[in-house]
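Structure at a glance
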Amino acid sequence: SVRKKVCENMKWAGIVLDEKRNRRISGNEISLINDSKSKVKIVIIPTEEELAICFEGIKLLRQKR
């Protein structure tokens, strides 16, 4: 639903979401979710935000020592 909201009203920028593909994709792999009419590609790229935040926290703690 977040991806759908982000892409709403973006046709002026050439962004057209394929809603069926968007619902089908879990987000655990790199996937395209743009409609064939879209002038730009809409790509899902899975991330590990929690892990990245953890590593940044460790770096900060090491700097304080």
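Just above sits the structure.
Residues numbered from 1 in each chain as written. Predicted model: local features only at pLDDT ≥ 70, side-chain atom pairs only at ≥ 80, totals over all residues. Heavy atoms only, no water.

What follows concerns the overall build of the protein chain. Looking only at helices and strands, one finds three helices and two strands in the protein chain. From first element to last, N terminus to C terminus, the protein chain shows the α and β order α-α-β-β-α. Based on the C-alpha atoms only, the size of the protein chain along its principal axes is roughly 55 × 25 × 15 Å. Expressed as a percentage of its 65 residues, the buried residues of the protein chain come to 25%. Excluding contacts between residues fewer than 6 apart, the proportion of contacts in the protein chain whose partners are at least 24 apart in sequence is 21%. Carbon and sulfur atoms make up 56% of the accessible area of the protein chain, which amounts to about 5,800 Å² in all. Counting 15 positive and 9 negative side-chain charges, the protein chain places the averaged centre of each group 3 Å from the other. (Helix = DSSP H or I, 4+ residues; strand = E, 2+ residues; numbered from the N terminus. Buried < 20%, exposed > 50% of the residue type's maximum accessible area, 1.4 Å probe, protein only. Contact = heavy atoms within 4.5 Å. Areas by Shrake-Rupley, 256 points an atom, 1.4 Å probe, with all protein chains shown as cover. Lys, Arg positive; Asp, Glu negative; His and termini not counted. Charge placed at Lys NZ, Arg CZ, Asp CG, Glu CD.)

Turning our eyes to something else, we now look at the side chain of Asp18. If you trace the backbone, Asp18 turns up in the loop between helix 1 (2–7) and helix 2 (19–24). Looking at Asp18, its side chain comes within polar contact range of the main-chain nitrogen of Lys20, at 3.2 Å. Among all residues touching Asp18, those that are not within four sequence positions of it are Ile33, Asn34 and Asp35. (Polar contact = N/O pair within 3.5 Å; in protein donor to acceptor, adjacent residues only side chain to side chain.)

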